[in-house]
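Summary of structural features
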Amino acid sequence: MTDAPARIGLIGLGTMGGALTLNIAEEGFPIAVWNIDEAVTRAFPERAGELADKIVPCMTHEELVAAIQPPRAIILLIPAGEAVDQQIAALTPLLDDGDMIIDMGNANFHDTNRRAREAGGVNFLGMGISGGEEGARHGPAIMAGGRPEDWARVEEVMTAVAAKHEGEPCAALVGPEGAGHFVKAVHNGIEYADMQMIAEVYGLMRDGMGMGAGEIAEVFEGWVESPLRSYLIEISAEVARATDPETGKPALDVILDAAGQKGTGRWTAIEAQHLGAPVPAIEAAVQARNLSAKVADRAAGEALFGPGPRPLPEGALDLPTLQAALIAGKVLCYDQGFGMISAAGRDYGWDLPLPEIAKIWREGCIIRSAMLDDMAEALAEDPDRNLMMAPYFSKFLVDGEHALRTLVAQAAMAGIPVPALASGLAYFDAMRTARGTANMIQAQRDYFGAHGFDRLDGKDIHHGPWAGHGL
Ligand SMILES: NC(=O)C1=CN([C@@H]2O[C@H](COP(=O)(O)OP(=O)(O)OC[C@H]3O[C@@H](n4cnc5c(N)ncnc54)[C@H](OP(=O)(O)O)[C@@H]3O)[C@@H](O)[C@H]2O)C=CC1
Ligand SMILES: O=C(CO)[C@H](O)[C@H](O)COP(=O)(O)O
């Protein structure tokens, strides 16, 4: 315990809140904490060890508020949704004008927009955090949304606890109101797509090439030393290498093939539709999780139609092909995510700083990757261009195109589902097709609904000579 008033407060000593509290304390900022289950708060100083003297455990909201130096800043790290509104409602009557609530959970950015507008005298920041428990403890990436003057008040704490890339903190204000939570949601959308593509390549090695978890671990370990170097490849190698202590089997072989989701990937896909932003790899990844949950239906399908995945013909795919295809797929995931952020910046008038966002993601977060430094550079050169068209990244696509095409074709022939990689390829093909097929769609719409169309020659004729038109 410390006698000095705490510099900041935090509600929610779970996975993220507990770890972030220790991080804040370790950086030298006294912090007051409250948790809904009092027993967790009481036990926390013991967990904090030698950091306990920087931590003020509080049993009531009143105690929490009294322990923080005004103007106060209180972080919420609790489940998104109703719990956040409840905590805001409980805190607001106890706070003074100019105090601030910071929601660092994975809020839906529409909720954050609303909360910022409803905040009244109590200021509100919506702040996305990424990096899981390890990141929160030793350096997460932080994406803040709100007013610059509110960010300025907590910037010292946030930049101290954030991950650093060559000394530069991976924490910044990215825009007003819900902008931070929007950017965090897109981060998670990219995370979904990247994870799904890795899982698809794992499936090709396991079902198509007959490789065991240990061999697959070795492949991922090798890819860590390549343009695929990223946190997600590193942890994929580790999970493939792990053994289940219960059975002695590879851990992956005893884990149910049904992935959970808390909402951010789905929100990204929904929001992309509202924005008209094409993010097919992200959508495919969300759908793959939805499909994975249909465990009984998939078993019934296998019983009726026979197993989907069949071994690939000898030599149909090799490891360099998988690697090059995954590199191309990864570029397409980020291209789609940054494209969506750019669309939101325009639509919501937020002017989101794409190069800055790429910089925040270079360390600490789940999608950190060797590519992000080059992405930041490419976006700084021209924030309006598609990332996939920047020379550094277009080269990966040129080099990986044949591999991606071969992978998708072979997977289709062997009945191995690769929805994210396949949609990445379709996106790539669509993005290099100057004359597409939407002329047919326009003609159909005009035929049945007199919706009109534009002509290639620009003439002021907007309806076709369809039989029945105009009756
Ligand atoms: N885990 C992760 O990798 C990441 C999570 N996040 C986000 O951070 C937030 C917290 O996640 P995480 O730490 O993983 O979750 P946990 O479930 O580990 O912790 C949730 C915390 O919130 C408390 N809590 C639960 N319900 C309520 C409520 N109704 N009112 C007040 N407090 C409540 C819990 O208390 P008690 O345990 O006593 O019930 C606990 O302290 C979420 O929004 C999550 O999406 C963001 C980035 C990464
Ligand atoms: O924000 C996160 C990582 O960046 C959280 O771990 C989040 O829970 C991941 O999303 P989901 O639970 O839907 O897989």
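Procedures and definitions
Residues numbered from 1 in each chain as written. Chains lettered and ligands numbered in written order. Predicted model: local features only at pLDDT ≥ 70, side-chain atom pairs only at ≥ 80, totals over all residues. UniProt positions renumbered as here; feature names shortened; annotations may be inferred. Near = placed C-beta within 6 Å. Helix = DSSP H or I, 4+ residues; strand = E, 2+ residues; numbered from the N terminus. Nonpolar A, V, L, I, M, F, W, Y, C, P; charged D, E, K, R; others polar. Domains from an automatic or database assignment. Buried ≥ 20, exposed ≤ 12 C-beta atoms within 10 Å, placed from the backbone. Contact = placed C-beta atoms within 7 Å. Core = buried A, V, L, I, M, F, W, Y, C linked by C-beta atoms within 7 Å. Arc of directions from axis to C-beta. Axes fitted to C-alpha atoms, helices over the stretch in contact; angles between N-to-C directions. Parallel < 35°, antiparallel > 145°, perpendicular 65-115°, else oblique. Left-handed = near helix turned anticlockwise from the far one by under 90°. Pairing = 2+ DSSP bridges.

As annotated in an unreviewed UniProt entry, the chain carries the name 6-phosphogluconate dehydrogenase, decarboxylating and comes from Pseudoroseicyclus aestuarii. In its Function (unreviewed entry) section, the UniProt record describing the chain reads: "Catalyzes the oxidative decarboxylation of 6-phosphogluconate to ribulose 5-phosphate and CO(2), with concomitant reduction of NADP to NADPH." One UniProt comment on the chain, placed under Subunit (unreviewed entry), says "Homodimer."

**Topic: the site of ligand 2**
Taken together, Asn106, Ser130, Gly132, Asn188, Glu191, Gln261, Lys262, Thr264, Gly265 and Ile366 make up the full set of residues near ligand 2. Contributing elements (two or more residues each) for the shell around ligand 2: helix H8 (179-208) and helix H11 (264-275). When the residues that make up the shell around ligand 2 are grouped by side-chain class, the tally is one nonpolar, seven polar and two charged. Each of domain 1 (8-177) and domain 2 (184-431) accounts for three or more of the residues forming the shell around ligand 2.

**Topic: the UniProt feature "binding site: substrate" (unreviewed entry) in the chain**
Under the present numbering, the feature "binding site: substrate" (unreviewed entry) in UniProt falls on Asn106, Ser130, Gly131, Gly132, His187, Asn188, Tyr192, Lys262, Arg289, Arg445 and His451. A maximum C-alpha distance of 48.8 Å is found for the annotated residues, which run over 346 residues; spatially they are spread out rather than grouped. One can find Gly132 in helix H6 (residues 132-138). For Gly132, a count of 17 C-beta atoms within 10 Å gives the class partly exposed. On the secondary structure map, Arg289 appears in helix H12 (residues 280-292). Excluding residues within four positions of it along the chain, Arg289 makes contact with Ala259 and Gln261.

**Regarding the nonpolar core**
Within soluble globular proteins, side chains that are nonpolar tend to cluster in buried spots. Membership of the largest hydrophobic core comes to 147 residues, with the highest contact counts inside it found for Ile102, Ile142, Ala281, Ile282, Ala328, Leu407 and Leu421. Looking at this core element by element, the count peaks at 15 residues for H8. Residues lining this core come from more than one domain, with at least three contributed by each of domain 1 (8-177) and domain 2 (184-431). Setting aside residues no more than four positions away along its own chain, Ile102 makes contact with Ala73, Ile74, Ile75, Leu76, Leu125, Met127 and Val154.

**Let's talk about helix H9 (residues 213-223)**
Three or more residues of H9 are buried, namely Ala213, Ile216, Ala217, Val219, Phe220 and Trp223. Buried residues of H9, seen end-on, are gathered within an arc of 160° and therefore sit on one face of the element. Next to the buried residues of H9 lie H8, helix H10 (231-241) and helix H14 (319-347).

**Brief notes about the site of ligand 1**
In the region of ligand 1, 23 residues are neighbours, and Gly14, Asp37, Ala83, Gly105 and Asn106 sit closest. For the shell around ligand 1, the elements supplying multiple residues, two or more each, are helix H1 (15-26), helix H4 (82-91) and strand E6 (123-130). Looking at the shell around ligand 1, its residues break down into ten nonpolar, eleven polar and two charged.

**Some details on the packing of H14 against helix H18 (residues 419-431)**
Between H14 and H18, whose axes approach to 10 Å, the crossing angle comes to 70°. The orientation of H14 relative to H18 falls into the category roughly perpendicular. At the point where H14 passes H18, the crossing takes the left-handed sense. For the pair H14 and H18, the contacting residues are Ala325, Gly329 and Leu332 in the first and Ala420, Leu421, Gly424, Tyr427 and Phe428 in the second. Counted by class, the contact of H14 with H18 contains six nonpolar, two polar and no charged residues.

**Description of the sheet that holds strand E10 (residues 171-175)**
What the eight strands build is an open sheet, ordered E3-E2-E1-E4-E5-E6-E7-E10; its pairing is mixed. A single partner strand is all that each edge strand has here, and the edge strands are strand E3 (55-57) and E10. Neighbouring strand axes in the sheet, compared pairwise and without regard to direction, differ in orientation by 25° on average. Inspection of the sheet shows E6 paired to strand E7 (residues 141-145) by five bridges, in the antiparallel sense. Of the residues in E7, the one forming a bridge with Gly126 is Gly145. Its contacts with the sheet place helix H5 (residues 109-118) against strand E5 (100-103), E6 and E7, and it is angled at close to 155° to E6. Of the strands in this sheet, strand E1 (8-11), strand E4 (73-76), E5, E6, E7 and E10 touch helix H7 (residues 148-161), which is tilted by about 160° from E10.

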